[in-house]
Amino acid sequence: MDTTPSSVLTADGAPAEASAAPDAERQVIEACQRGEREAFDQLVVRYQRDIYRLCYRYLNNHEDANDVTQEVFLKAWRGIGRFRGKSAFSTWLYRIGVNACLNFRAARRPVAHELPEMLADPGMGAAQRVEKAQRAAQVREAVSRLPEKQRATLILKIYHELTHREVAQVLGSTVGTVKANLFHALGNLRKLVAADEGVKP
Amino acid sequence: MSAHLSDQTMTDVLESGGSPIEWAHVASCAACRSRLEEARAGRELASKAEVPEPPGLYWEALRRNVSRRIAEEPPRRSRWAWLAPLAAVTAVVVVIAVSLVGRPPAPSESALLLPAWSALPPVEDDDGLAMVGGLADGELANWDEGRGLGAFVAGLSDEESEALVAALRVERPEGEL
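Residues numbered from 1 in each chain as written. Chains lettered and ligands numbered in written order. Predicted model: local features only at pLDDT ≥ 70, side-chain atom pairs only at ≥ 80, totals over all residues. Heavy atoms only, no water.

A. Fine view of the overall build of chain A. Looking only at helices and strands, chain A features eight helices and zero strands. Element order for chain A, N to C, with α for helix and β for strand: α-α-α-α-α-α-α-α. Taken across its 201 residues, chain A has 51% of its residues classed as buried. Across chain A, every contact between residues at least 6 apart in sequence was considered, and the portion connecting residues at least 24 apart equals 69%. (Helix = DSSP H or I, 4+ residues; strand = E, 2+ residues; numbered from the N terminus. Buried < 20%, exposed > 50% of the residue type's maximum accessible area, 1.4 Å probe, protein only. Contact = heavy atoms within 4.5 Å.)

Laid out in structure tokens, this is it:
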């Protein structure tokens, strides 16, 4: 599980050192705001794994995740002049990423496939173990069927280890709502997977 | 605590254990205990949903693709570029305003009078000019009884010249320019 917050990782996944310090990153961002493309390259290297994984969890396949990841960085480049540093750059980038994924899904996938806000108990059979890879794919697919806000909250909180406050900033929400959505998301995920397995949760 | 725990509180209990009071409620409330167990199971499931790692060369390819696409972007305008037209208009307005403020006021009737320090009176008030004009027109041609003006003036002594100048001066009322 990619639970290590890769905002503190370098491109190859190694722990970042001084280059990831806020001051250093601020200088890189300011260089980007002056139009220096090479500086933006550093931000791409630093955050590409985070954004790719975010997109993958939303879109559930490599091709779409790759396309949307590139779009996210293009949007970030176009909009970096408006970044004021009121939140962490990673938070700002996640927000772009979540919006890009939502837009992509809205264009590609009917909303009717989504789960209603509270999933009914299917009341079926017992749980079975599956292979690790199959289970991972199954859970990812279940995550992709969660309601938008629950899915976003779960992805950002569980897989990217953002704090409740950071998730609230990304989603334009409140900490209380984030906590409630997370609780619903976990419960619904459990129900979805159980329903897929034909078991009673 | 008799009411069921809120979803927010349940998340606190799930993540950090919550307060002793909340734990006591969960221990005694089957409904809340069931919800908590379900969320725990969901969290356990979520932890199994790894994202497949792309091939090792993928990240470099992704970086290059992003870099290439950014290079193809049209030059980014400065975030203040939208102010340029406004600044130009403002500059023109300021220049016009300054030129209007700095310009002397439009001539008025009173302003036509020469200031007190002027060595010359207004043309219409200059009796000396009127006299010279008369000479030019011949109206005063015989005032010196056949002698030329030049000869007359040339023949004056210093005292007579000063007396003539004094006589030509017109006394004005106090305060008139």
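B. Expanded view of the overall build of chain B. A tally of helices and strands in chain B yields eight helices and zero strands. Listed N to C, the secondary structure of chain B is α-α-α-α-α-α-α-α in terms of helices and strands. Within chain B, the proportion of its 177 residues that are buried is 20%. If you take every contact in chain B between residues at least 6 apart in sequence, the share linking residues at least 24 apart comes to 39%. Surface summary for chain B: the accessible area is close to 12,900 Å², and the carbon and sulfur share equals 61%. (Areas by Shrake-Rupley, 256 points an atom, 1.4 Å probe, with all protein chains shown as cover.)

C. Fine view of a negative patch on the surface. Residues and elements named next belong to chain B. On the surface, Asp158, Glu159, Glu160 and Glu162 cluster together into a patch of negative charge. Mapped onto the secondary structure, Glu159 falls in helix H8 (residues 158-168). Under the relative-accessibility criterion, Glu159 is labelled exposed at 59%. (Patch = residues over 30% accessible without salt bridge, like charges linked within 9 Å, V, L, I, M, F, W, Y side chains within 5 Å. Salt bridge = Lys/Arg side-chain N within 4 Å of Asp/Glu carboxyl O. Lys, Arg positive; Asp, Glu negative; His and termini not counted. Charge placed at Lys NZ, Arg CZ, Asp CG, Glu CD.)

D. Structural view of helix H7 (residues 164-171) of chain A. Restricting attention to buried positions, one finds in H7 of chain A the residues His164, Val167, Ala168 and Val170 of chain A. Along the long axis of H7 of chain A, the arc covered by the buried residues comes to 160°, so they all point the same way. Buried-residue contacts for H7 of chain A involve helix H4 (89-108), helix H6 (148-159) and helix H8 (175-197) of chain A together with helix H1 (7-16) of chain B. One or two steps after H7 of chain A, the chain reaches Gly172 of chain A, where phi turns positive at roughly 65°. (Arc of directions from axis to C-beta.)

E. Quick look at the interface of chain A and chain B. Chain A puts 50 residues into the contact, and the matching count from chain B is 37 residues. Summed over both partners, the interface of chain A with chain B buries about 4,100 Å², with 61% contributed by carbon and sulfur atoms. Where chain A packs against chain B, one counts eight salt bridges. In this structure, the salt-bridge partner of Arg53 of chain A is Glu53 of chain B, at a minimum N-O distance of 2.9 Å. Counting across the chain A and chain B interface gives 15 residue pairs in polar contact (both at pLDDT 80 or more). Within the residue set of the side of chain A that touches chain B, elements represented by two or more residues are helix H1 (22-33), helix H2 (37-59), helix H3 (62-79), helix H5 (132-144), H6 and H8 of chain A. Take the side of chain A that touches chain B: its biggest share by element is 12 residues, from H8 of chain A. (Buried area = accessible area lost by both parts, 1.4 Å probe. Polar contact = N/O pair within 3.5 Å; in protein donor to acceptor, adjacent residues only side chain to side chain.)

F. Here's a closer look at the nonpolar core. Counting 74 residues, the largest nonpolar core has Phe40, Leu43, Ile80, Phe89, Leu154, Tyr159 and Leu189 of chain A as the members making the most contacts within it. In terms of residue count, H2 of chain A provides more of this core than any other element does, 12 residues in total. The contact partners of Leu189 of chain A, leaving out residues within four places of it in the chain, are Val139, Ala142, Val143, Leu146 and Leu154 of chain A together with Gly42, Leu45 and Ala46 of chain B. (Core = buried A, V, L, I, M, F, W, Y, C linked by side-chain atoms within 4.5 Å.)

G. Representation of the pattern of salt bridges within the structure. Considering all chains together, one arrives at 21 salt bridges over all chains under this definition. Between Glu36 of chain A and Arg34 of chain A there is a salt bridge, with its nearest N and O atoms 3.4 Å apart. Between Lys157 of chain A and Glu15 of chain B there is a salt bridge; the shortest N-O distance is 3.6 Å. Pair noted here: Lys157 of chain A is in helix H6 and Glu15 of chain B is in helix H1, and the two residues belong to different chains. A single network of salt bridges, built from pairs that share partners, joins Asp41 of chain A together with Glu60, Arg63 and Arg64 of chain B.

H. Up close: a nonpolar patch on the surface. A cluster of nonpolar residues, Val92, Ile96 and Leu100 of chain B, forms a patch on the protein surface that exposes about 280 Å² of accessible area. Residue placement: Ile96 of chain B occurs in helix H5 (residues 83-102).

I. Spatial organisation of the state of the cysteines. Throughout the structure, instances matching the rule amount to zero disulfides over all chains. Unpaired in terms of disulfides, Cys55 of chain A finds its nearest cysteine sulfur in Cys101 of chain A, a separation of 3.7 Å. (Disulfide = S-S within 2.5 Å.)

J. Representation of the environment of Ile96 of chain A. Residues and elements named next belong to chain A. Relative to the helices and strands, Ile96 is located in helix H4. Between the C-alpha atoms of Ile96 and Lys75, which are 21 residues apart in sequence, the distance is 7.4 Å. Other than its neighbours up to four places away in sequence, Ile96 contacts Val72, Lys75 and Ala76.

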